[in-house]
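An overview of the molecular structure
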Amino acid sequence: MPHTVHVSAIIHAPLDKVWPLFRDFNGLAGWHPGIAQSRLEADGRHDAVGSVRYLALKPSGFVREQLLMLDDPGTALRYSIIETSLPMRDYIAGVSLRPITESGHTLVEWWADFRVEGAELADVAKAVGQGVFAAGLAALDEKVRAGSVQG
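The paragraphs below set out a description of the structure included in this document. Being a predicted model, the structure only gives us computed values, none of them experimental. (Residues numbered from 1 in each chain as written. Predicted model: local features only at pLDDT ≥ 70, side-chain atom pairs only at ≥ 80, totals over all residues. Heavy atoms only, no water.)

Taken in spatial order, the seven strands line up as 1-7-6-5-4-3-2 in an open sheet, and their pairing is antiparallel. This sheet does not close on itself; its edge strands, each paired only once, are strand 1 (5–11) and strand 2 (35–40). The average undirected angle you get between the axes of adjacent strands in this sheet is 25 degrees. Of the pairings in the sheet, the one linking strand 6 (residues 88–100) to strand 7 (residues 105–116) comprises eleven bridges and is antiparallel in character. Looking at the pairing, Leu97 lines up with Val108 of strand 7. Packing of helix 1 (residues 15–23) onto the sheet brings it into contact with strand 1, strand 4 (62–71), strand 5 (76–84), strand 6 and strand 7, and relative to strand 6 it is tilted by some 165 degrees. Its contacts with the sheet put helix 2 (residues 121–146) on strand 1, strand 5, strand 6 and strand 7, and the angle it makes with strand 1 is roughly 15 degrees. (Pairing = 2+ DSSP bridges. Helix = DSSP H or I, 4+ residues; strand = E, 2+ residues; numbered from the N terminus. Axes fitted to C-alpha atoms, helices over the stretch in contact; angles between N-to-C directions. Contact = heavy atoms within 4.5 Å.)

Below is the structure:
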């Protein structure tokens, strides 16, 4: 099944510098411009499948996301949105990272499948693809190039 939204980007840093930023399930606010705040709920851990994070979004809104899969050898993870103020339902997303051996950089693919209620799918898909995934990857690339991300 094709993904509703699929974005890929090259991050100008080696895989071992980029993967820790994604595998920290509570670390998104440290580099994503659209996230105002992130906190783990209950007994959640930043690297434990089943953990739930609450993300406060800029300028407003929220998502509660649950970590479904964390694959360190495969440098991939999957998560779902279990509650949100956004018009999306049945949201499952994933990230996979691959080393680009020629340059020493990292290829990141970020995808999501979801249904939309009360809005146009094309509009929401564009907002997720450009406003969330592409904007986040661009900000991450900028930060690793500047060396300002703590891994």
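Tracing the backbone through its elements, the reader meets Thr106 in strand 7. The exposure class of Thr106 is buried, given its relative accessible area of 0%. For Thr106, the side chain forms a polar contact with the main-chain oxygen of Ala13, separated by 2.8 Å. With residues up to four places along the chain from it excluded, the contact list for Thr106 reads Ala9, Ile10, Ile11, Ala13, Pro14, Leu15, Val18, Leu97, Arg98 and Ile100. (Buried < 20%, exposed > 50% of the residue type's maximum accessible area, 1.4 Å probe, protein only. Polar contact = N/O pair within 3.5 Å; in protein donor to acceptor, adjacent residues only side chain to side chain.)

Read these as geometric descriptors, not functional statements.
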